[in-house]
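# Structure assessment
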Amino acid sequence: MDIQSPIQQMVQMIVSTRSDEIGCDECFEQLDRFAELVLAGKNTAEALPLVLDHLNRCPDCREEFEALLVALQSTTFPPRPQYLPT
Ligand SMILES: [Zn+2]
């Protein structure tokens, strides 16, 4: 039995990118693209694995990313009036 499960392949992919870390500047440069991929439902682990890896380890960039995501979401899906508290 030498068949790799999808999970093992995924782990190997993550491990193989680990040596190739990016810094906050590089992460920030690609952050808007990353957020667009997330909103489009794309596989960010495949498209931008280094950004994903950085976001998992850097709370500052993660905060930045979440703020960006909220901003993009509000332009893509405008908040409905009934969401507002009365
Ligand atoms: Zn960072």
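Below, the structure is looked at part by part. Remember, predicted model here, so these are calculated numbers, not experimental data.

### Details of helix H4 (residues 49–57)
All of the buried residues along H4 are Val51, Leu52, His54 and Leu55. Viewed end-on, H4 has its buried residues packed into an arc of 165 degrees, placing them on one side of the element. Away from its buried face, by an angle of more than 90 degrees, H4 presents the exposed residues Asn56 and Arg57.

### Some remarks on helix H2 (residues 24–39)
The α-helix advances 3.6 residues per turn, and as a result positions three or four apart in sequence lie on the same side. With 16 residues, H2 should reach 22 Å at 1.5 Å per residue; the first-to-last C-alpha distance of 21 Å fits that figure. At leucine 31, H2 is bent by approximately 50 degrees, the largest bend along its length. The set of residues buried in H2 consists of Cys27, Leu31, Phe34 and Ala35. Within two residues after H2, glycine 41 carries a phi angle of roughly 75 degrees, on the positive side.

### Points about the nonpolar core
Core analysis: the biggest nonpolar cluster contains ten residues, these being Cys27, Leu31, Phe34, Ala35, Leu48, Val51, Leu52, Leu55, Cys61 and Phe65. For this core, the secondary structure elements donating two or more residues are H2, H4 and helix H5 (59–76). Looking at this core, the element that brings in the most residues is H2, giving four residues. Among residues more than four places away in sequence, those in contact with phenylalanine 34 are Thr44, Leu48, Val51 and Phe65.

### What to know about the environment of cysteine 61
Here cysteine 61 is to be found in helix H5. Its 21 C-beta neighbours within 10 Å are what place cysteine 61 among the buried residues. In this structure the C-alpha to C-alpha distance between cysteine 61 and cysteine 24, which are 37 residues apart in sequence, comes to 6.8 Å. Apart from the residues within four sequence positions on either side, cysteine 61 is in contact with Cys24, Cys27, Phe28, His54 and Leu55.

Rules of the game
Residues numbered from 1 in each chain as written. Predicted model: local features only at pLDDT ≥ 70, side-chain atom pairs only at ≥ 80, totals over all residues. Buried ≥ 20, exposed ≤ 12 C-beta atoms within 10 Å, placed from the backbone. Helix = DSSP H or I, 4+ residues; strand = E, 2+ residues; numbered from the N terminus. Arc of directions from axis to C-beta. Expected span 1.5 Å × (residues − 1). Bend = angle between axes of the 7 residues up to and from the residue. Core = buried A, V, L, I, M, F, W, Y, C linked by C-beta atoms within 7 Å. Contact = placed C-beta atoms within 7 Å.

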